[in-house]
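Per-entry structural report
Each chain, written out:
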Amino acid sequence: MHWSDEIAQRIIARNPNKEEYVCAAGISPSGSVHIGNFRDVATSLMVVKALERAGKKAKLLFSWDEYDRCRKIPANVQAVVGSDFDKYIGCPYVDIPDPWGCHENYAKHFEEEFLEAMKPFGITLDCRYQAEMYREGKYTKDIIESLEKREEIFEILDSFKTKDTSKSEEELRAEHDAEKAAYYPVSIFCPECHTDFTTITKLSEDCTEADYVCRCGHAGHFNFLTDFDCKLGWKIDWPMRWRYEGVDFEPGGKDHAAPTGSYSNSKIVSKKIFNYEAPMFQGYEFIGIKGMTGKMSSSSGLNLTPATLLKLYQPEVILWLYSKTEPTKAFDFCFDDGILRQYFEFDKMLTDVRAGNASDAIKDIMSNCVIEGRELETVPMSLLVQLGSIVNFNVPMLETVFQKIGTPYTAEQFADRLDRAKFWLEQCAPDQVNRLRGTRHWEVYNALDEKERKTIELLHAYIAKGGYTLDELNTELYAIPKTVYGTDMSDKELKGLQGAFFRNVYKLLIDKEKGPRLYLFLYAIESEKYVGLLDFSYPQTEAELAAEAPEEACCPEEKEEVVREADPVEPVKEQVTIDDFAKLDFRVCKVLKAEGVRKSHSCLKLTLFDGIGERVIMSSIKEEYTPEMLVGRKIIVIANLKPNRICNVNSQGMLLAATNNACGCKIIFVDDSVPEGTAIH
């Protein structure tokens, strides 16, 4: 049974006669909604589908938490507005202007960006805009009820706090009583500075009116029956909305699911304060990024949002990744070759379902990937990548190529994947672009021995003669080394010679040691385009000599740099011996994965390969680097540093970086040619 069906059965069992079940999701539009946040939507979406498969009516309720206070200005916004927007910290997102000026406010900019990206998925969201809900007085009774029960709420929230064991019981009790007396579950937004840096100084007995002061100096009177510019704290707001909307299910990140997390707090508030049984909750793992080593980085201005993913993945494949992975398990969106394996696995499952050969488990997975109005064609993504680059993604030529190799896909069939294949190749894996050389590769040819040259001569003669089928060409490619070297050798030796022959052909044609399946490659492309690159029967031409001549170096234009004052140079520290230095294990590690940590505004969690195995380190570099800038890069790590718990993650080492006001924090990267695990002396 699919994980979503198991959840649906538990929901129905809790309330079997409910007319319509409500599965909720919510996101604060603090910036672009990234792929990790999208799991909120995908999880609830699939539970809705499972409820519908069970014959029940269900809806996906989506809350835009645009009334949340701004805590921090994201880096991409700062790049546009600088530090000017710092004044809006403490304001609700809906009251902040759009940095780009194209929407009515900050929240709407990112809401529209996300909703536009939902259209290709065919997802219908029943949206609630929390600024409207609060300001229209929809929650007035709930706010007053919370104020009336503020002491009970305080005791619930306080029970989850870690107590300071260094203080005496008397000190703790006095501190507790003082905090309880000053606690109010609601924040008032100041009409002068529009922030929530306000403090309630007096509350009426019926909890309908309050006096308050703001950090900006403004003091005022607030009537909760007629004034609505206020908001409940998150752990009270969340359960209040569960009751208001009748929510049956809502997922959340694994941090919310922790024993002391938001759900544990809010579940008790929901039951004891609002007399509502908390909805079923499903914690989920965060999403990883793997293999972003090409051009696709923060410098290209690309955010890892659903819209960006749609440039690489068809919407069905994105849904498939969420569907086939249980919420408690992590998975990666791949920007390396892994994406081709993902497409292959998706195509195989879809083909099995269509042929009636799929297991029930696969049918359940694929049922969540159907998008109404779309019919998917399983044209192999790997072939589109390999052959597309050879013909420069020319559609008629690609149709011809597919026809020649016996897979007559039409432009209409591969249209939905072709642009994605091109985008992946050019942005994520430019090193895999295959282009025929313009001239013969004399440097490679001159390095070949006599027998290796003979294999190239035989291949040229065979291609020039023509008249062969695809299978005949494949057979000939393996036969040529036998003709030159004979057959009196082991299979292992023969395979080695055949492999070397293939590598030589690739180097002569596309300047690489490997490429598309050689027989497909040679058969698909018109032989007139490359046969001359295999003909070394005449001397090097003047054009070839000119093409190989080194270009004169030119001086690049100097870029204007922002000059910042450097930190004072520290005096040299106390001397150590070489034995002291030898105790530290500096080694080269490769970044396999990089991801943010919800509990930290400054740290990135890095998964590294250190030459022996994987290790995880936490590093406070989030302000300077995005995950896509790091994945695939090689860095230096102190590998034998005693592990340290950071944000509930066991950090196994520390990376080397230079930190100075003049440059910020700059990681020390290592050349790609240095193997992982190499010691730094």
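Structure's up top.
For the structure given in this document, a descriptive report is provided here. (Residues numbered from 1 in each chain as written. Predicted model: local features only at pLDDT ≥ 70, side-chain atom pairs only at ≥ 80, totals over all residues. Heavy atoms only, no water.)

1. What about empty space enclosed by the protein?
Counting across every chain of the model gives four cavities of 30 Å³ or more. Taken together, 13 residues line the largest cavity, and the ones lying closest to its centre are A24, L61, S63, R241 and E250. For the lining of the largest cavity, the secondary structure elements donating two or more residues are β1 (20–27), β2 (57–64) and α9 (234–245). The biggest single contributor to the lining of the largest cavity is α9, with four residues. (1 Å grid on protein atoms, 1.4 Å probe; cavity = no way out; pocket = protein on both sides within 12 Å on 5 of 7 lines; lining within 4 Å. Points joined across faces, edges and corners; volume = space filled by probe spheres on them. Helix = DSSP H or I, 4+ residues; strand = E, 2+ residues; numbered from the N terminus.)

2. Regarding helix α14 (residues 338–355)
Along its 18 residues, α14 runs 26 Å from first to last C-alpha, staying within 8% of the 26 Å computed at 1.5 Å per residue. Every buried residue belonging to α14 is among G338, I339, L340, Q342, Y343, F346, D347, M349, L350 and D352, and all of these are buried. Buried residues in α14 make contact with α13 (315–324), β12 (332–334), α15 (360–367), α16 (381–390) and α18 (411–428). Of the residues one or two after α14, G356 is the one with positive phi, at around 80°. (Expected span 1.5 Å × (residues − 1). Buried < 20%, exposed > 50% of the residue type's maximum accessible area, 1.4 Å probe, protein only. Contact = heavy atoms within 4.5 Å.)

3. Comments concerning the packing of α13 against α15
Interaxial distance between α13 and α15 falls to 8 Å at its minimum, and their mutual angle equals 130°. When the axes of α13 and α15 are compared, the pair comes out oblique. Between α13 and α15 lies a crossing whose hand is right-handed. Taking contact as the criterion, the partners of W320, S323 and K324 in α13 are, on α15, D364, I365 and M366. Residue composition of the contact of α13 with α15, grouped by class: three nonpolar, one polar and two charged. (Axes fitted to C-alpha atoms, helices over the stretch in contact; angles between N-to-C directions. Parallel < 35°, antiparallel > 145°, perpendicular 65-115°, else oblique. Left-handed = near helix turned anticlockwise from the far one by under 90°. Nonpolar A, V, L, I, M, F, W, Y, C, P; charged D, E, K, R; others polar.)

4. A look at the packing of aromatic side chains
Taken as a whole and assessed by the stated rule, the structure comprises 38 aromatic pairs. Look at W100 and F110: their rings are 6.0 Å apart centre to centre, the planes differ by 85°, and that puts the pair in the edge-to-face class. Here F110 lies in helix α4 (residues 106–118) and W100 lies in the loop between α3 (75–81) and α4, a separation of 10 residues in the sequence. Between W442 and F536 the ring centres are 5.0 Å apart and the planes differ by 85°, which places this aromatic pair in the edge-to-face class. Here W442, found in helix α19 (residues 442–446), pairs with F536, found in the loop between α23 (518–524) and α24 (542–548); they are 94 residues apart in sequence, far enough to count as distant. Judged on exposure class, the residue W442 and its partner F536 are both buried. (Phe/Tyr/Trp six-rings, centres within 6.5 Å; stacked < 30°, edge-to-face > 60°.)

5. Brief notes about the pattern of salt bridges
Scanning the entire structure with this criterion turns up 39 salt bridges. With a closest N to O distance of 2.7 Å, R374 and D416 form a salt bridge. Within this pair, whereas R374 is found in the loop between α15 and α16, its partner D416 is found in helix α18, the two being separated by 42 residues in sequence. Taken together, the shared-partner salt bridges connect K59, D126, R128 and E245 into one network. (Salt bridge = Lys/Arg side-chain N within 4 Å of Asp/Glu carboxyl O.)

6. A look at the side chain of S266
Here S266 lies in helix α11 (residues 262–272). Setting aside its immediate chain neighbours within four residues, S266 contacts K235, W238, P239 and W242.

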